[in-house]
Structures are given as structure tokens and as C-alpha cells.
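Residues per chain, in single letters:
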Amino acid sequence: MDTTNEGPAITHEPSSDFAREIEREPGGAGIMKCIQCGMCTASCMVASMTERYRPRKLIQKILLGKREEVLASELPWLCMSCKLCEERCQEDVDLSEIFTAVREIAAREGHIPPVYRQTVDKVLEDGWLLKDSYTDFEEDDRDDLGLHTDLNWNDKFVKKLRKKYFKGGKQ
Ligand code: SF4
Ligand code: SF4
């Protein structure tokens, strides 16, 4: 008798059209392996910070085919890709990759949460994200440590970034 755990991967049916769509998207393979044990939620630091975020539930919604709800939600964008859940998942489900696949589809269909758009706009405007929070105190600290204090990005860099990634974006 074969006592090893090797063998064909077990998948769990039934699954929805949306789950199959995610499965076909890069990173989405493996979603059908989820057995809804909840270890991911128990392991997740984001889930420990907010009750809104429950990776198991998010996977369940995909399996149940709640396409519009999941794509319009900001929850898949809260995953930090720390992969702690994946270390502990007994079915080897790559949750962070699955949520990346969800975000890819969501972005293609125009569902990018405003905070992420604002973040990109900020980088395109200033060349970096933290300009507003850069205070004289920090400048003094950097000076004391012998670090550069002039952190304004070269405008050319911002222009190159816009050209390469945001042709049709905000100018
Ligand atoms: S730990 Fe794995 S099997 Fe368990 S609910 Fe999360 S993704 Fe599904
Ligand atoms: S990879 Fe995402 S879902 Fe998994 S533990 Fe980290 S933040 Fe939570």
C-alpha cells in the first residue's frame, strides 16, 4: 500500500465559471484545491488587523461565482503577498497569486480602488510617494546620518515613467 502523500492533486467540485476563469489566469491555478479549512485566515496578519479581510471567505466567494462582488471589492487588493498563509495551507493553494489574478481581471475591467490610483498619481506627480511626509526633522536626521537631503526626483525620471507605463494616463 502506498503510504506517501504523493499522487494526483485533488480538486474540489462543484466550482463556478468565475473560479474556472481565475484558474485560467496566470497565478490562478490551484484555486479548486481549497477545502475551506480556514488556516489562511487564521495565519493572515491583515485579517488580524481588520475583520473585513478574510482570505478563506474571499476564496469561497470566487468558488461560488460571486464575480461582480469580488471584482468590485477592494479586499483582493489588501493582500500583502507575505505568503504566510501559503506556508500553512495543507492544500498548497497560492492565495497571493490567486488574488493577483483577481486584481489583474479587476484592473482590466476598470475596478482599481481609488487609493491605488491616487498612489500612482502621486508617484507620477512627485517622482516618489512620501514627499508630503518629508519634514525638516527628517531632513535634519538624514543630514546627521550623512545621507542625501535633496530627495526631489529628477523630473526626467518622472517623464520617462509616464511615457513607459502611463501613455494614456494623467499627465
Ligand atoms: S488554508 Fe488553503 S485550503 Fe484552507 S481555506 Fe485557506 S486556501 Fe483553502
Ligand atoms: S499572502 Fe495575503 S492572504 Fe496570505 S497571509 Fe499574507 S496577506 Fe494574508
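Up top you'll find the structure we're talking about.
Chains are numbered independently. Their residues run from 1 in the order of the written sequence. Lettering for chains starts from A, numbering for ligands starts from 1, and both go in the order in which the items are written. The predicted nature of this model means local features are confined to residues of pLDDT at least 70 and side-chain atom pairs, given and counted, to a pLDDT of 80 or more, with totals for whole chains, interfaces and linings taken over all residues. Computation of side-chain values covers all heavy atoms of the structure but excludes hydrogens and water.

J.: Explain the overall build of the chain to me, using residue names and the numbers behind them.
T.: The numbering of helices and of strands both runs from the N terminus, where a helix is a DSSP run of H or I of at least 4 residues and a strand a run of E of at least 2. Secondary structure assignment for the chain yields 10 helices and zero strands. The secondary structure elements of the chain, listed N-terminal to C-terminal, are α-α-α-α-α-α-α-α-α-α. Out of the 171 residues in the chain, the part that is buried amounts to 32%. Contacts were defined at the residue level, with two residues in contact if any of their heavy atoms lie within 4.5 Å. Intrachain contacts of the chain at a sequence separation of at least 6 include 60% that bridge at least 24 residues. Only the protein chains shown count as covering a residue, and every accessible area follows the Shrake-Rupley method with a 1.4 Å probe. About 11,600 Å² of surface is accessible on the chain, with carbon and sulfur atoms providing 52% of the total. Only protein chains enter the accessibility calculation, which uses a 1.4 Å probe. A residue is then buried if its area is under 20% of the maximum for its type, exposed if over 50%, and partly exposed in between.

J.: Run through unusual backbone geometry, naming residues and quoting values.
T.: Even without a glycine there, the phi angle at Ser81 is positive, about 60°. Judged by its relative accessible area of 34%, Ser81 falls in the partly exposed class. In this structure, Lys83 is a non-glycine residue whose phi angle is positive, near 70°. Along the chain, the position of Lys83 falls in the loop between α5 (67–72) and α6 (84–88). Judged by its relative accessible area of 31%, Lys83 is partly exposed.

J.: Tell me what's going on with the site of ligand 2, and back it up with residues and numbers.
T.: In the vicinity of ligand 2, the contacting residues are Cys44, Val46, Tyr53, Pro55, Cys79, Met80, Ser81, Cys82, Lys83, Cys85 and Ser96. Class assignment for the residues of the shell around ligand 2 results in eight nonpolar, two polar and one charged. The rule for a residue being near a molecule or strand is that one of its heavy atoms must lie within 4 Å of it. The nonpolar class holds Ala, Val, Leu, Ile, Met, Phe, Trp, Tyr, Cys and Pro. Asp, Glu, Lys and Arg form the charged class, and all remaining residues, Gly among them, are polar.

J.: Explain a negative patch on the surface residue by residue, including any values.
T.: Only residues whose relative accessible area exceeds 30% and that take part in no salt bridge are eligible for patches, with like-charged residues grouped when within 9 Å of each other and nonpolar side chains (Val, Leu, Ile, Met, Phe, Trp, Tyr) grouped when within 5 Å. By definition, a salt bridge exists where a carboxyl oxygen of Asp or Glu is found within 4 Å of a side-chain nitrogen of Lys or Arg. The charge count includes Lys and Arg as positive and Asp and Glu as negative, but it does not include His or the ends of the chains. By convention, charge coordinates are those of NZ in Lys, CZ in Arg, CG in Asp, or CD in Glu. A cluster of like negative charges, contributed by Asp136, Glu138, Glu139, Asp140, Asp141, Asp143, Asp144 and Asp150, occupies part of the molecular surface. Along the chain, the position of Asp150 falls in the loop between α9 (136–144) and α10 (155–165).

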